[in-house]
Amino acid sequence: MNDYFGYTGKTVVVTGAASGMGKALTEILVDLGAHVYALDRVEPRVPSVTKSILANLGSKDSIDAAFAQIPLQVDAFFGVAGISGVHNSFLETLTVNFIANKYITDTYLVDRIAHGGSLVFVTSNGGLRWETPSVREELEPFTRGDSWNVLVQLAREFEAEFGSVPGSLGYILSKRLLNFWIAEQVAPLSDLRKIRINAVLPAMTISGMLPEFAEMKGGQDAVESDLGPAGRLAESVEMAKVLAFLGSDLASYMSGTHLSVDFGMNALQIAGLAPDRLGWTLRGVLSRQPTA
Ligand SMILES: NC(=O)c1ccc[n+]([C@@H]2O[C@H](COP(=O)([O-])OP(=O)(O)OC[C@H]3O[C@@H](n4cnc5c(N)ncnc54)[C@H](O)[C@@H]3O)[C@@H](O)[C@H]2O)c1
């Protein structure tokens, strides 16, 4: 039988491997024969992983300690971990969801990802319309930030403009930033060693994070009333399957793809067949509304 995915014997790193999409992905990758380094702030418990590593993506020192335990050559990296921002500060949300992923890539992956390797990040349908000029203008200073400390400082300065910014807006900003930054990385990573970089943009998915999203939307009923053409929420494994595909040899000509896994919700919005409420800027919203 052909090994179409090409994961057999490959070294793969997954963040967020203890729960939801990251756990489901880790299980698939182990089944497909990869040597998986499973990283999370909670002990990842997937049988047969090569190594489980406890790490807090909110801390640069913790990331450095984790990468000291990861091989010097990695074939595929999956940045799945994230927080909703519902019970987190703006800075923490931006740090875990964006700054950590950029830092890991700049500091470790640029040197360690093998020729023809792959990076896949879980962003969100909540980060759609990142390419709108007014939104992109808001994102540009952050993707230019070239170190952990500079990015933290930029986040602090942004928040200081408004007194405070809710973590939930930090979530939107972080996912837009990932989407934009991924597009920016396509050419440099290809020039480097034909490395591919892609994003999976989930719609609402049953995972550890769902209760917080339900809280943000105003309860489980509000979630159930907005299910789109699928008529149900996604399962974590349905995101994991797409992640496994994008990181694999099956997707060898795919880079810079922002793949909405949403059963057509984004397609309906861009076709004008469903309301599109995503093109706003944070500054626009924050300057109109008093923040908590
Ligand atoms: N569930 C949804 O509806 C939904 C929708 C769009 C995008 N997403 C994104 O999907 C990704 C996966 O989340 P999920 O839905 O599987 O939720 P989840 O809560 O089940 O999994 C997230 C994992 O990330 C880990 N994590 C969180 N903060 C961390 C930190 N500081 N350091 C290390 N690990 C940390 C958690 O421990 C957990 O194992 C996230 O990036 C999330 O933003 C989720």
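Refer to the structure printed above.
Now for a look at the structure at hand. Not measured: the values here are computed from a predicted model.

## Some details on the side chain of T143
Positionally, T143 belongs in helix 4 (residues 133–144). T143 sits in the buried class, given a relative accessible area of 8%. Looking at T143, its side chain comes within polar contact range of the side chain of E184, at 3.1 Å. Setting aside its immediate chain neighbours within four residues, T143 contacts F98, K102, L177, F180, W181 and E184.

## Some thoughts on the site of the ligand
Near the ligand there are 30 residues, and of these S19, D40, V80, T205 and S207 occur at the shortest range. For the ligand, an oxygen atom lies 2.9 Å from a polar atom in the backbone of M21. At a separation of 2.9 Å, a nitrogen atom of the ligand approaches a polar side-chain atom of N56. Out of a free accessible area of 830 Å², the ligand has 95% covered by protein chains. When residues of the shell around the ligand are traced back to their parent elements, those giving at least two are helix 1 (20–31) and helix 6 (167–193).

## Description of the packing of helix 3 (residues 90–112) against helix 6
Taken N-terminus to C-terminus, the directions of helix 3 and helix 6 make an angle of 10 degrees; their axes are 8 Å apart at the nearest point. Classified by the angle between their axes, helix 3 and helix 6 sit roughly parallel to one another. Here helix 3 runs over helix 6; the crossing is right-handed. Where helix 3 approaches helix 6, its residues F90, T93, L94, N97, F98, N101, K102, T105, L109, V110, D111 and R112 are matched on the opposing element by G167, G170, Y171, L173, S174, K175, L177, L178, W181, L189, L192 and R193. Looking at the contact of helix 3 with helix 6, its residues break down into 12 nonpolar, seven polar and five charged.

## Comments concerning the pattern of salt bridges
A side chain of one charge can pair with a side chain of the opposite charge when the charged atoms of the two come close. Tallied over the full model, the rule gives nine salt bridges. When the shortest N-O distance is used, the salt bridge between K102 and D106 registers 2.8 Å. Of this pair, K102 and D106 both sit in helix 3, four residues apart, which is roughly one turn of that helix. On the basis of relative accessible area, K102 is assigned to the buried category, the value being 6%.

## As for unusual backbone geometry
With phi around 70 degrees, S48 is a residue other than glycine that occupies positive phi space. With a relative accessible area of 62%, S48 lands in the exposed category. Even without a glycine there, the phi angle at F263 is positive, about 55 degrees. Position of F263 relative to the elements: it lies in the loop between strand 9 (258–261) and helix 10 (265–270). For F263, a relative accessible area of 59% puts it in the exposed group.

Conventions we followed
Counting starts from 1 at the beginning of each chain's written sequence and moves along it residue by residue. Given that the model is predicted, a residue must reach a pLDDT of at least 70 before its local features are reported, and side-chain atom pairs must reach 80 or more before they are shown or counted; all residues, however, enter totals for whole chains, interfaces and linings. The side-chain numbers reported here are obtained from all heavy atoms of the structure, hydrogens and water having been left aside. Elements are defined by DSSP. Helices are runs of H or I of four residues or more, strands are runs of E of two residues or more, and each kind is numbered from the N terminus. Only protein chains enter the accessibility calculation, which uses a 1.4 Å probe; a residue is then buried when its area is under 20% of its type maximum, exposed when over 50%, and partly exposed in between. For the purposes of these results, a polar contact is taken to be a pair of N or O atoms within 3.5 Å, where, inside protein, one atom must be able to donate a hydrogen and its partner to accept one; residues adjacent in sequence count only when each atom of the pair is a side-chain atom. The contact criterion used is simple: two residues touch if any of their non-hydrogen atoms lie within 4.5 Å. Proximity criterion: a residue is near a molecule or strand once any of its heavy atoms comes within 4 Å of it. Here the Shrake-Rupley method, with its probe set to 1.4 Å, supplies the accessible areas, and only the displayed protein chains count as covering residues. For every element, the axis is a line fit to its C-alpha atoms; helices are fit only across the contacting stretch, and the angle between N-to-C directions ranges from 0 to 180 degrees. For classification, angles of less than 35 degrees are called roughly parallel, those exceeding 145 degrees roughly antiparallel, those between 65 and 115 degrees roughly perpendicular, and all remaining angles oblique. Crossings are sorted by hand: turned counterclockwise from the far helix by less than a right angle, the near helix makes the crossing left-handed, and turned clockwise it makes it right-handed. Classification used: nonpolar for Ala, Val, Leu, Ile, Met, Phe, Trp, Tyr, Cys and Pro, charged for Asp, Glu, Lys and Arg, polar for all others including Gly. Salt bridge, as used here, is a side-chain nitrogen of Lys or Arg placed within 4 Å of a carboxyl oxygen of Asp or Glu.

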